[in-house]
Structures are given as structure tokens and as C-alpha cells.
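# An overview of the molecular structure
Listed below are the residues making up each chain.
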Amino acid sequence: MQFQLSGQQIEVTPALRDHATAKLDRLTRLDDKLKSLAIVLSVDKLQHRAEGTLGVVGATLHAEATEADMYASLDVLFDKLVAQLRKYREKVSDKHQREAREERQYG
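Right, let's walk through the structure included here. One numbering rule holds for all chains: residues counted from 1, following each sequence as written. At least 70 in pLDDT is required for a residue's local features to be given in this predicted model, at least 80 for side-chain atom pairs to be given and counted, and no such filter applies to totals for whole chains, interfaces and linings, which use all residues. Excluding hydrogens and water, the side-chain values take into account all heavy atoms of the structure.

## Considering the nonpolar core
By convention a nonpolar core is built from buried Ala, Val, Leu, Ile, Met, Phe, Trp, Tyr and Cys residues, the set being connected through side-chain atoms within 4.5 Å. Each residue's exposure class comes from its accessible area (1.4 Å probe, protein chains only) as a fraction of the maximum for that residue type: buried when under 20%, exposed when over 50%, partly exposed otherwise. Counting residues in each nonpolar core, the largest one holds 24 residues, and the members touching the most others are Leu27, Leu41, Leu54 and Leu74. Each helix is a run of DSSP H or I of at least 4 residues and each strand a run of E of at least 2, with the numbering of both proceeding from the N terminus. Among the secondary structure elements, those contributing two or more residues to this core are helix 1 (14-30), strand 2 (34-44), strand 3 (47-56), strand 4 (59-67) and helix 2 (70-106). Residue contributions to this core peak at eight residues, all from helix 2. It only takes one pair of heavy atoms within 4.5 Å for two residues to be counted as in contact. Those residues in contact with leucine 41, other than ones at most four positions away along the chain, are Leu5, Ser6, Gly7, Gln8, Ile10, Val12, Leu16, Arg49, Ala50, Met70 and Leu74.

## Re a positive patch on the surface
Exposure above 30% relative accessible area and no salt bridge define the residues that can form patches, which grow by joining like charges within 9 Å and nonpolar side chains of Val, Leu, Ile, Met, Phe, Trp and Tyr within 5 Å. Residue-level accessible areas treat just the shown protein chains as cover; the underlying method is Shrake-Rupley with a 1.4 Å probe. Note on definitions: salt bridges are taken to be side-chain nitrogens of Lys or Arg within 4 Å of carboxyl oxygens of Asp or Glu. Note on charges: Lys and Arg go in the positive column, Asp and Glu in the negative column, and His and the chain ends are not counted at all. By convention, the charge on Lys lies at NZ, on Arg at CZ, on Asp at CG and on Glu at CD. Among the surface-exposed residues, Lys87, Lys91, Lys95 and Arg98 lie close enough to one another that they form a single positively charged patch. Assignment of secondary structure puts lysine 91 in helix 2.

## A few points about the environment of glutamate 51
Within the secondary structure layout, glutamate 51 lies in strand 3. By relative accessible area, glutamate 51 is classed as partly exposed at 24%. Along the backbone, glutamate 51 and histidine 62 are 11 residues apart, and their C-alpha atoms lie at a distance of 7.5 Å. At 3.0 Å, the side chain of glutamate 51 and the side chain of arginine 49 are in polar contact. Side-chain atoms alone can form a polar contact between residues adjacent in sequence; in general such a contact is a pair of N or O atoms within 3.5 Å, and within protein one must be able to donate a hydrogen while the other accepts it.

## Notes on the pairing of strand 1 (residues 2-8)
At least two DSSP bridges between two strands are required for those strands to pair. Judged from the seven bridges that link them, strand 1 and strand 2 form a sheet pairing that is parallel. Looking across to strand 2, one finds that glycine 7 is bridged to leucine 41. Crossovers are marked right-handed if the path from the first strand over the helix to the second runs clockwise, as seen with the strands pointing away from the viewer. Handedness of the β-α-β unit built from strand 1, helix 1 and strand 2 comes out left-handed.

## Examining the sheet that holds strand 1
Taken in spatial order, the four strands make up an open sheet running 1-2-3-4, and their pairing is mixed. Single-partner strands in this sheet number two, and they are strand 1 and strand 4. On average, each strand axis in the sheet is tilted by 10 degrees relative to the strand beside it, whichever way the strands run. Bridge analysis of strand 3 against strand 4 gives nine bridges, and the strand direction is antiparallel. Axis lines are fitted through C-alpha atoms, for helices just across the contact stretch, and the angle between N-to-C directions can take any value from 0 to 180 degrees.

## Some remarks on the side chain of aspartate 31
The topology assignment puts aspartate 31 in the loop between helix 1 and strand 2. Of note is the side chain of aspartate 31, whose polar atom sits 3.0 Å from the backbone nitrogen of lysine 33. Setting aside anything within four residues of it in sequence, one finds aspartate 31 in contact with Leu85 and Arg89.

## Topic: the environment of leucine 16
For leucine 16, the position within the fold is in helix 1. With 77 residues separating them along the chain, leucine 16 and serine 93 place their C-alpha atoms 34 Å apart. Residues within four places of leucine 16 in sequence aside, it is in contact with Leu5, Glu11, Leu41, Met70, Tyr71 and Leu74.

Encoded structure:
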């Protein structure tokens, strides 16, 4: 999986990069077929913002988080991406189960 962490008007420190890569394990545990993850960090006055775009097979998931602390915004961002990825994986697996059930029934 390709992982890109960039900053807009902010320098990405090694501590921020380590924090993001540590959280990355949560996504890879849910799905090992992830294509890419691009995170953009920015600061507007006192609001720290993290935007993430996750590329999976068949879809692109996007989430944003704005908090008072950059580490907190990264945590919220990964929570949102995990929730979206779970929902997407359930949707895909339900579709495949329905197709198999219809094939057995009408076969």
C-alpha cells in the first residue's frame, strides 16, 4: 500500500509521521487489499485539520477531522476511515452473499 503524508503550511515532523503510521495498522487489519492512503495536514488559526483519502479496490473513501490538537485530529480521522471501511466491506460481503444465495435458489 502506498502511504503519503503531507503538510499544507505545516512541517510534518517525524513524531507526526510515526503517529500516523502507528494508526495505519488499524486499517490494514480490516482489509489487506488497500491501494493507497493520502493524508494532508493543515492549520487554520487554532484549528488543526487532517484530511484523508483511502483508495480501496472498487471505491475511494474520504474523511476530514478538525480538532484543537493535530494528534487528536489524526485519531479522529483514522476513526472515521475505519468506520467507512467497515461499512464498505460489509456492503461488499452482503452483496456477494446475496448473489450466492440467489444462485442456489434459482440456480
